[in-house]
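# Structural description and commentary
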Amino acid sequence: MRYIGIESRWGVVVGREVMTALRALLVVLVAGGLVAQAWFFPGLAGELAEAYPELAWLRWPILGAVVVIIVGVQVAVVALWRLLSMVDSDSVFSPDAFKWVNVVIGAAILDTALVLGIWALLSFGARANPPGLMLAELALVVCGAVFALLMAVMKGLLRKASMLTVELSEVI
């Protein structure tokens, strides 16, 4: 059975099936984000404002933050798509890749800070943060911080690989 993948100077890097599956999942993620932005979270915010009129003032600030968080994820997906295209064209070790990695890191930091802000507002400002939601918010903060730090490490690995690629190109 022949392995069909993305070829580079150093052989097969990533299988086409993996790249296709990843791109399909990224499309699903963006589509789900659009549905959540346009329908799910606005509807949920309205229902919660009606059910808890004493907290209705939180409807628009929280909804705005959630929409910005989803936009941050969508921006990161676009950057990841661009990085995948660079892998396809065997140009992922170019300086252009670093700006896209920086976009992913920036989006992760922004989203993590916004979730932390929502947690603080609900916990201390409104004093209306049920335990399940509070734990979910804190889990998102930890996961966001881990992801941002992991991407920073990956950026360092990309930098090292880029330097080694340049050195190898000079030798060959």
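Notes on the structure follow. (Residues numbered from 1 in each chain as written. Predicted model: local features only at pLDDT ≥ 70, side-chain atom pairs only at ≥ 80, totals over all residues. Heavy atoms only, no water.)

Before going further, it helps to examine the overall build of the chain. Scanning the chain from N- to C-terminus turns up 4 helices and 2 strands. In the chain, the succession of helices and strands from N to C terminus is β-β-α-α-α-α. Relative to the compact-globule value of 16 Å for 172 residues, the chain shows a C-alpha radius of gyration of 20 Å, a clear excess of over 25%. Across the 172 residues in the chain, those meeting the buried criterion constitute 33%. Restricting the contact set of the chain to residue pairs at least 6 apart, pairs at least 24 apart contribute 66%. Summing over all exposed atoms, the chain offers an accessible surface of approximately 10,700 Å²; the carbon and sulfur share of this is 75%. (Helix = DSSP H or I, 4+ residues; strand = E, 2+ residues; numbered from the N terminus. Rg over C-alpha atoms; globule rule 2.2 N^0.38 Å. Buried < 20%, exposed > 50% of the residue type's maximum accessible area, 1.4 Å probe, protein only. Contact = heavy atoms within 4.5 Å. Areas by Shrake-Rupley, 256 points an atom, 1.4 Å probe, with all protein chains shown as cover.)

Turning next to unusual backbone geometry. You will see that aspartate 90, though not glycine, has its phi angle at about 60 degrees, which is positive. For aspartate 90, the location among the structural elements is in the loop between helix 2 (59-88) and helix 3 (96-125). Among the residues examined, aspartate 90 registers a relative accessible area of 29% and is labelled partly exposed. Even without being a glycine, arginine 127 presents a positive backbone phi close to 50 degrees. Within the element layout of this structure, arginine 127 appears in the loop between helix 3 and helix 4 (131-171).

Interhelical geometry of helix 3 versus helix 4 gives an angle of 165 degrees and a closest axis separation of 9 Å. The orientation of helix 3 with respect to helix 4, classified from their angle, is roughly antiparallel. Regarding helix 3 and helix 4, the two cross each other, and that crossing is left-handed. For the contact of helix 3 with helix 4, the per-class residue count stands at 23 nonpolar, 5 polar and 3 charged. (Axes fitted to C-alpha atoms, helices over the stretch in contact; angles between N-to-C directions. Parallel < 35°, antiparallel > 145°, perpendicular 65-115°, else oblique. Left-handed = near helix turned anticlockwise from the far one by under 90°. Nonpolar A, V, L, I, M, F, W, Y, C, P; charged D, E, K, R; others polar.)

Counted by the stated rule, this structure contains 2 salt bridges. Across the pair arginine 16 and aspartate 88 runs a salt bridge whose closest N-O atoms are separated by 3.7 Å. Here arginine 16 is found in helix 1 (residues 16-51), whereas its partner aspartate 88 is found in helix 2, with 72 residues between them in sequence. By relative accessible area, aspartate 88 is classed as partly exposed at 28%. Arginine 23 is paired through a salt bridge with aspartate 88; the nearest N and O atoms lie 2.9 Å apart. With arginine 23 in helix 1 and aspartate 88 in helix 2, this residue pair connects regions lying 65 residues apart in the sequence. (Salt bridge = Lys/Arg side-chain N within 4 Å of Asp/Glu carboxyl O.)

On to helix 4. Since the α-helix turns once every 3.6 residues, residues separated by three or four places project in the same direction. If you check helix 4, its first and last C-alpha atoms are 59 Å apart, about what 41 residues at 1.5 Å a residue would give, namely 60 Å. Burial in helix 4 covers these residues: Glu137, Val141, Gly144, Ala148, Met151, Lys155, Leu158, Ser162 and Thr165. For helix 4, the elements touching its buried residues are helix 3. (Expected span 1.5 Å × (residues − 1).)

Right, let's get into the environment of valine 142. Locating valine 142 in the fold gives a position in helix 4. With relative accessibility at 52%, the residue valine 142 sits in the exposed group.

So, about the packing of aromatic side chains. One pass over the full model with this rule turns up 3 aromatic pairs. Taking 4.9 Å as the distance between ring centres and 80 degrees as the angle between the ring planes, the aromatic pair formed by phenylalanine 40 and phenylalanine 41 counts as edge-to-face. The partly exposed category is assigned to phenylalanine 41, whose relative accessible area is 26%. An angle of 90 degrees between the planes, with centres 5.3 Å apart, marks the rings of tryptophan 119 and phenylalanine 124 as edge-to-face. Of note, arginine 23 hangs over the ring of tryptophan 81, and the distance from its end group to the ring centre comes to 5.2 Å. (Phe/Tyr/Trp six-rings, centres within 6.5 Å; stacked < 30°, edge-to-face > 60°. Lys NZ or Arg CZ within 6 Å of the ring centre and 35° of its normal.)

On their own, these measurements won't tell you what the molecule is for.
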